[in-house]
Amino acid sequence: MYRRALILGLVGAGVTACAAAPNRALGPDGLPLPTAYVIAPGEEAAVNFRMLDSVNALRQAARVTPVQLDPQLNAAAATHARDMSLQNRPWLFGSDGSSPVERARRVGFTGKFLGETISESYESELATLTAWMNDERTRSVILDPEARLMGFAWFQEPAGKLWWTLNMGAPAGFAGGFS
């Protein structure tokens, strides 16, 4: 009797464990495939401020001045994020051959443009920032001591792929004009 109860209990536990497992697609290695990070309508401001707060925490740790969001740099970043999606490739040039500096000028930015970082991913803004900080070139843009202004934007495709763009600049008259 005890043996039968034990066997039935183990079978029941096994069935319950199988039923409770999430139904996620598996890759060729047998591991669950990653899921896309989806930015829901209404979350845009929260994403921008999470990135701004995170960038400023990193800048504080590096002992450089914090930055603030700039509407023109945000607009330039948004234009480029969408354009990268249309081109289906992450690169610094626009489909019209424009450079990051030209895109910033087009939206009325009159300060000194310091740099741009880009990414294509299915990950969150904080995972993207982590990847940028792990690369010497993009880290130097984010931690540029001259930076006082930041533009940040993304474009999310219907399937979930995100195209991220972050711009850094300084106000007009601060250490010169455009470089």
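See the structure printed just above.
Attention here is on the structure that accompanies the text. Quick caveat, the model's predicted, so the values are computed rather than measured.

1. Overview of the overall build of the protein chain
Inference 1: For the protein chain, the helix and strand inventory stands at six helices and four strands.
Inference 2: Ordering the α and β elements of the protein chain from the N terminus gives α-α-β-α-α-β-α-α-β-β.
Inference 3: Looking at the 179 residues of the protein chain, the share that counts as buried comes to 39%.
Inference 4: Contacts spanning at least 24 positions in sequence make up 68% of the contacts within the protein chain whose residues lie at least 6 apart.
Inference 5: Looking at the protein chain as shown, the accessible area adds up to about 10300 Å², and 60% of this sits on carbon and sulfur atoms.

2. A short note on the nonpolar core
Inference 1: Residues Val55, Ile142, Met150, Phe152, Leu166 and Met168 are the most contacted members of the largest nonpolar core, which totals 22 residues.
Inference 2: Listing elements by their share of this core, those giving two or more residues are α2 (44–61), α5 (125–133), α6 (136–142), β3 (149–156) and β4 (162–170).
Inference 3: The element contributing the most residues to this core is β4, with five residues.
Inference 4: In this structure, isoleucine 142 is in contact with Val55, Arg59, Leu129, Trp132, Met133, Leu166 and Met168, ignoring residues within four places of it in sequence.
Inference 5: Counting residues in each nonpolar core, the second largest holds six residues, with Leu73, Ala104, Phe109 and Leu149 among its members.

3. Some details on the sheet that holds β3
Inference 1: One open sheet holds the four strands; their spatial order is β1-β3-β4-β2, and the pairing between them is mixed. A single partner strand is all that each edge strand has here, and the edge strands are β1 (68–69) and β2 (112–121).
Inference 2: Of the pairings in the sheet, the one linking β1 to β3 comprises two bridges and is parallel in character. Paired with glutamine 68 across the bridge in β3 is leucine 149.
Inference 3: Its contacts with the sheet put helix α3 (residues 71–87) on β1, β2, β3 and β4, and the angle it makes with β3 is roughly 30 degrees.
Inference 4: α5 contacts β2, β3 and β4 of the sheet and is inclined by roughly 115 degrees relative to β2.

4. Remarks on the side chain of threonine 117
Inference 1: Structurally, threonine 117 can be placed in strand β2.
Inference 2: With a relative accessible area of 1%, threonine 117 lands in the buried category.
Inference 3: Those residues in contact with threonine 117, other than ones at most four positions away along the chain, are Trp132, Thr138, Val141, Trp164, Thr165 and Leu166.

5. What about the layout of surface pockets?
Inference 1: A volume near 270 Å³ is recorded for the largest pocket.
Inference 2: Along its surface, the largest pocket is lined by 15 residues, and Glu116, Thr117, Ile118, Asp135 and Thr138 are the ones closest to its centre.
Inference 3: Elements with a contribution of two residues or more to the lining of the largest pocket: β2, α5 and α6.
Inference 4: For the lining of the largest pocket, the leading source of residues is β2, giving five residues.
Inference 5: Broken down by class, the residue content of the lining of the largest pocket amounts to six nonpolar, five polar and four charged.

Reading the values: the criteria
- Residue indices follow the written sequence of each chain, beginning from 1 at its first position.
- Whole-chain, interface and lining totals are the exception, using all residues; otherwise, since this is a predicted model, local features are given only for residues with pLDDT of at least 70 and side-chain atom pairs are given and counted only at 80 or more.
- Side-chain metrics in this entry use all non-hydrogen atoms of the structure; hydrogen atoms and water are not considered.
- Counting from the N terminus, the helices are the DSSP runs of H or I reaching at least four residues and the strands are the DSSP runs of E reaching at least two.
- Three labels apply to residues, based on accessible area from a 1.4 Å probe with only protein chains included: buried if under 20% of the type maximum, exposed if over 50%, partly exposed otherwise in between.
- Any pair of residues with heavy atoms lying within 4.5 Å of one another is described as a contacting pair.
- Surface accessibility follows the Shrake-Rupley procedure with a 1.4 Å probe radius. Residue values consider only the protein chains on display as shielding.
- What makes a nonpolar core is a set of buried Ala, Val, Leu, Ile, Met, Phe, Trp, Tyr and Cys residues whose side-chain atoms join them at distances within 4.5 Å.
- A pair of strands is considered paired only if DSSP assigns at least 2 bridges between the two.
- Note on geometry: axes are C-alpha line fits, over the in-contact stretch for helices, and angles between N-to-C directions span 0 to 180 degrees.
- Only protein atoms enter the 1 Å grid used here, on which a cavity is any set of points holding a 1.4 Å probe that cannot leave and a pocket is any open set flanked by protein within 12 Å on both sides along at least five of seven lines; residues with an atom within 4 Å of a point are listed as lining.
- Grid points are joined across faces, edges and corners, and a volume is the space filled by probe spheres set on the points.
- We call Asp, Glu, Lys and Arg charged. Ala, Val, Leu, Ile, Met, Phe, Trp, Tyr, Cys and Pro are nonpolar, and the rest, Gly among them, are polar.

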